Amino acid sequence: MFRFHFRLRSPLLALASSAFFGYSSSKESKVIPVQNPSELPRTPYQHVNCTGFECVRESSMINLSASSSFLKHALYYYSELTQHYCVHISTMIGLLEEYKRREGAGSFQQEIWDIYVQHRVSLGEMKTELLRLRLLLSTIDRLVTESIDASYQTQDETVTQLVSNELIQTKRIIEQNEQLISKTEMSLTTEQVKIIEKNKDTSDTKASDE
């Protein structure tokens, strides 16, 4: 039976060790290092010491704040357009009153009526925009309500109650705007009926004279 003894002299051992560890280190250098979690990109609401529930809570607050801001902007535009709409109707009522005063003025009265017709077209466009905004406000209302419900479950009652109060105030403002629109439109309708009745009476008078 053969016994094979393999002995390396010290210089040869040093050379072998160097070759082996050099090869090992070259392989390790090719391994892609794992990034430190703290260096990874984070979402705006994520913090270094953020637990799961804290992230959920902060996310719900961001969602609540965003939906509340969305509601405020839409409400502001709706209120502004309501004011312009009612002022536009007041101008049209003034035109109708001037039209009645200029009866018999011929072409000048017709010019007033033409201006009134142009205003009526613009009024229709504004009315369409108001209806779209009103529908949008209803949708945002539901969005804010759902956000409030979600935030209550994260126990952020202070901020949630504040937004709840804002939502109640928003509904009051919308109701006031709707009442103003309804009242102003009714005034315009009344003036239009007067014009129609007057034209009808004039036509009946002419017919009886003939």
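Residues numbered from 1 in each chain as written. Predicted model: local features only at pLDDT ≥ 70, side-chain atom pairs only at ≥ 80, totals over all residues. Heavy atoms only, no water.

The name given to the protein chain in an unreviewed UniProt entry is Diablo homolog, mitochondrial, with Rotaria magnacalcarata as the source organism.

**Brief notes about the packing of aromatic side chains**
For any two aromatic rings, the description comes down to two numbers: the centre-to-centre distance and the angle of the planes. Taken as a whole, this structure holds 2 aromatic pairs when the rule is applied. Measuring from centroid to centroid gives 5.2 Å for Tyr99 and Trp113, while their planes differ by 45 degrees, and the two rings are tilted. Of this pair, Tyr99 sits in helix α2 (residues 52-101) while Trp113 sits in helix α3 (residues 107-152); the two residues are 14 residues apart in sequence, bridging distant segments of the chain. Judged by its relative accessible area of 16%, Tyr99 is buried. (Phe/Tyr/Trp six-rings, centres within 6.5 Å; stacked < 30°, edge-to-face > 60°. Helix = DSSP H or I, 4+ residues; strand = E, 2+ residues; numbered from the N terminus. Buried < 20%, exposed > 50% of the residue type's maximum accessible area, 1.4 Å probe, protein only.)

**Focus on the environment of Ser90**
By the secondary structure assignment, Ser90 is in helix α2. Linking Ser90 and Glu185, residues 95 residues apart in sequence, is a C-alpha distance of 9.3 Å.

**Here's the deal with the pattern of salt bridges**
Summed over all chains, the structure comprises 9 salt bridges. Where Arg101 meets Glu98, a salt bridge forms, and the shortest distance between an N and an O atom there is 2.5 Å. Here Arg101 pairs with Glu98, and both are found in helix α2, just 3 residues apart, close to one helical turn. We note a salt bridge from Glu191 to Lys194, for which the minimum N-O separation is 3.6 Å. Of the two residues, Glu191 and Lys194 are both situated in helix α4 (residues 157-209); the distance of 3 residues between them amounts to about one turn of the helix. On the basis of relative accessibility, which here comes to 9%, the residue Glu191 falls in the buried class. (Salt bridge = Lys/Arg side-chain N within 4 Å of Asp/Glu carboxyl O.)

**A word on the nonpolar core**
The biggest cluster of nonpolar side chains holds 31 residues, and the ones touching the most others in it are Tyr78, Tyr85, Leu137, Val144 and Leu188. Where this core is concerned, the elements lending two or more residues are α2, α3 and α4. Tallying contributions element by element places α2 first for this core, with 15 residues. Leave out the neighbours within four places in its chain, and Val144 touches Leu64, Ser67, Ser68, Leu71, Val163 and Leu167. (Core = buried A, V, L, I, M, F, W, Y, C linked by side-chain atoms within 4.5 Å. Contact = heavy atoms within 4.5 Å.)

**Structural notes on the side chain of Thr82**
Take Thr82: it is sitting in helix α2. Only 2.7 Å separates the side chain of Thr82 from the backbone oxygen of Tyr78, close enough to count as a polar contact. (Polar contact = N/O pair within 3.5 Å; in protein donor to acceptor, adjacent residues only side chain to side chain.)

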